[in-house]
Amino acid sequence: MNSDKFLLDSGFFGWLYKILTPIEWLMTQIMVLFHKLFVLVGMPREGVSWILAIVFLVLVVHACILPIFVRQMKSMRKMQEMQPKMQHIRNKYKGKKDPASREAMNREMTKLYQDNGANPAGSCLPMLIQGPVFMCMFYTLSAIPYIANGVRQPLGAFDRATATHFANTSFFGVKITTTFGLADSTGKIVIGIFVALMCAAMWFMQFNNMRKNLPRAQMEGSQYKMQQGMTWVFPIMYIFSGVTMPFAVLIYWLTNNIANMVRSMWQVYTFPTPGSPAAEEKEVRDHEHENVRRKRTGQISLEEEELVKAKEAAEQRENRGFQRQQPKRKGHKK
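Residues numbered from 1 in each chain as written. Predicted model: local features only at pLDDT ≥ 70, side-chain atom pairs only at ≥ 80, totals over all residues. Heavy atoms only, no water.

Draft legend 1. Layout of helix α2 (residues 21-40). Here α2 spans 28 Å end to end across 20 residues, near enough to the 28 Å set by a 1.5 Å rise per residue. Inspection of α2 places Glu-24, Met-27, Thr-28, Ile-30, Met-31, Val-32, Phe-34, His-35 and Phe-38 among the buried residues, and these make up the whole buried set. (Helix = DSSP H or I, 4+ residues; strand = E, 2+ residues; numbered from the N terminus. Expected span 1.5 Å × (residues − 1). Buried < 20%, exposed > 50% of the residue type's maximum accessible area, 1.4 Å probe, protein only.)

Below you can see the structure in the form of structure tokens.
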């Protein structure tokens, strides 16, 4: 941190954040708009109104991502259903290294994706959106104190007066522009709690995915143990990066991680991986819901339907057993 110069405006990052200026401008407009709405309903100009503006900015971002996320889940489900066909194509060209065979395999794979409406790169789209948004949020919240001090030019909706109101905001007794290293003892405790909650939300999201959304066949072996270890790597890394960021960024980050965790839990519940414990639980839920629906509409249950089908199949077998088969002579022509 340098009080005389905003270092993120220089070097490679200065060039990168200059490219992202339209996103930064839009984010400042959304934050200030929410802030004005909260002030309009009676909240103080400096205080919780800015905290809620950050939280609602996260919700807006996730609302924009949700349709893409749903399409990604449906695409992933199709990819999982296509695995046997994809494996058949791979086996067909196994061991063939010549360009013609590789081209033919890629052509068949592409046609398979097109016929099933699947996109192998679809899972990357939400991250491609969230990544720049988080970078812009970090940049914007880091720039506001410099705008308030007159060191940096205004950014979007944040002129010097607006930035000053934001910089004077405190939450749990900690200014939201303060970092862990510059905070007092109380501030360090509050920031430490936020970092811990942020890491815990991310850890639980990964743990829940591994516990419920992996096929049972993959829940063993060295690779599975490595994945279990990785659930701790990123949360621990976030501890070191979290203590260097302004408190406002941690508020954004914690809210974002909680939103990601809730969305991930909804994904596991609604779009589980085939063969996983979550898929087994969904199958039981769907069975129960169908029975409830049938009972409400006066239809027989799934179990009763199976009994009827079994009884009809038995009667058909019995009737076929009583039918006399006419003998056929060899070489007889009609």
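Draft legend 2. Main features of the pattern of salt bridges. Counted according to the given criterion, the structure contains seven salt bridges. Between Lys-282 and Asp-286 there is a salt bridge, with its nearest N and O atoms 2.9 Å apart. With Lys-282 and Asp-286 both in helix α10 (residues 277-296) and four residues apart, the pair spans about one turn of that helix. Taking relative accessible area as the criterion, Asp-286 reaches 38% and is therefore assigned partly exposed. Of the charged contacts, one joins Arg-294 and Glu-305 as a salt bridge, the two residues approaching to 2.6 Å between their closest N and O atoms. (Salt bridge = Lys/Arg side-chain N within 4 Å of Asp/Glu carboxyl O.)

Draft legend 3. Spotlight on helix α7 (residues 185-212). Along its 28 residues, α7 runs 40 Å from first to last C-alpha, staying within 8% of the 40 Å computed at 1.5 Å per residue. Among the residues of α7, Gly-187, Val-190, Ile-191, Phe-194, Val-195, Met-198, Cys-199, Ala-201, Met-202, Gln-206, Asn-208 and Met-210 are the ones counted as buried. N-capping of α7 is provided by Asp-184, with a side-chain oxygen placed 3.3 Å from the backbone N of Thr-186. (Polar contact = N/O pair within 3.5 Å; in protein donor to acceptor, adjacent residues only side chain to side chain.)

Draft legend 4. Region of the structure containing the packing of aromatic side chains. Taken as a whole, this structure holds 15 aromatic pairs when the rule is applied. Between Phe-34 and Phe-38, the ring centres sit 6.3 Å apart and the planes meet at 20°, which makes this aromatic pair stacked. Separated by four residues within a single helix, Phe-34 and Phe-38 lie in helix α2, roughly one turn from each other. Assessed through its relative accessible area of 17%, Phe-34 is described here as buried. Through a chain of ring-to-ring contacts, the aromatic side chains of Phe-171, Phe-172, Phe-194 and Phe-247 assemble into a single cluster. One residue, Lys-188, lies across the ring of Phe-180, its end atom 5.5 Å from the ring centre. The ring of Tyr-269 is capped by Arg-285, whose NZ or CZ atom sits 3.6 Å from the centre of that ring. (Phe/Tyr/Trp six-rings, centres within 6.5 Å; stacked < 30°, edge-to-face > 60°. Lys NZ or Arg CZ within 6 Å of the ring centre and 35° of its normal.)

Draft legend 5. Examining the packing of α7 against helix α9 (residues 247-270) more closely. Across the interface, α7 lies against α9 with an axial gap of 9 Å and an inter-helix angle of 20°. In terms of orientation, α7 lies roughly parallel with respect to α9. The handedness of the crossing between α7 and α9 is left-handed. Partitioning the contact of α7 with α9 into residue classes produces 19 nonpolar, five polar and one charged. (Axes fitted to C-alpha atoms, helices over the stretch in contact; angles between N-to-C directions. Parallel < 35°, antiparallel > 145°, perpendicular 65-115°, else oblique. Left-handed = near helix turned anticlockwise from the far one by under 90°. Nonpolar A, V, L, I, M, F, W, Y, C, P; charged D, E, K, R; others polar.)

Draft legend 6. Just the environment of Ser-264, in detail. With respect to the helices and strands, the residue Ser-264 is situated in helix α9. Between the C-alpha atom of Ser-264 and that of Met-205, which follows or precedes it by 59 residues, the distance is 6.6 Å. Aside from chain neighbours lying at most four places away, what touches Ser-264 is Met-205 and Asn-209. In this structure the side chain of Ser-264 is engaged in a polar contact, spanning 3.2 Å, whose partner is the side chain of Asn-209. (Contact = heavy atoms within 4.5 Å.)

Draft legend 7. Summary view of the side chain of Asn-257. Within the element layout of this structure, Asn-257 appears in helix α9. A polar side-chain atom of Asn-257 sits 3.0 Å from the main-chain carbonyl oxygen of Met-198. Apart from the residues lying within four places of it in its own chain, the contact partners of Asn-257 are Met-198, Ala-201, Met-202 and Tyr-238.

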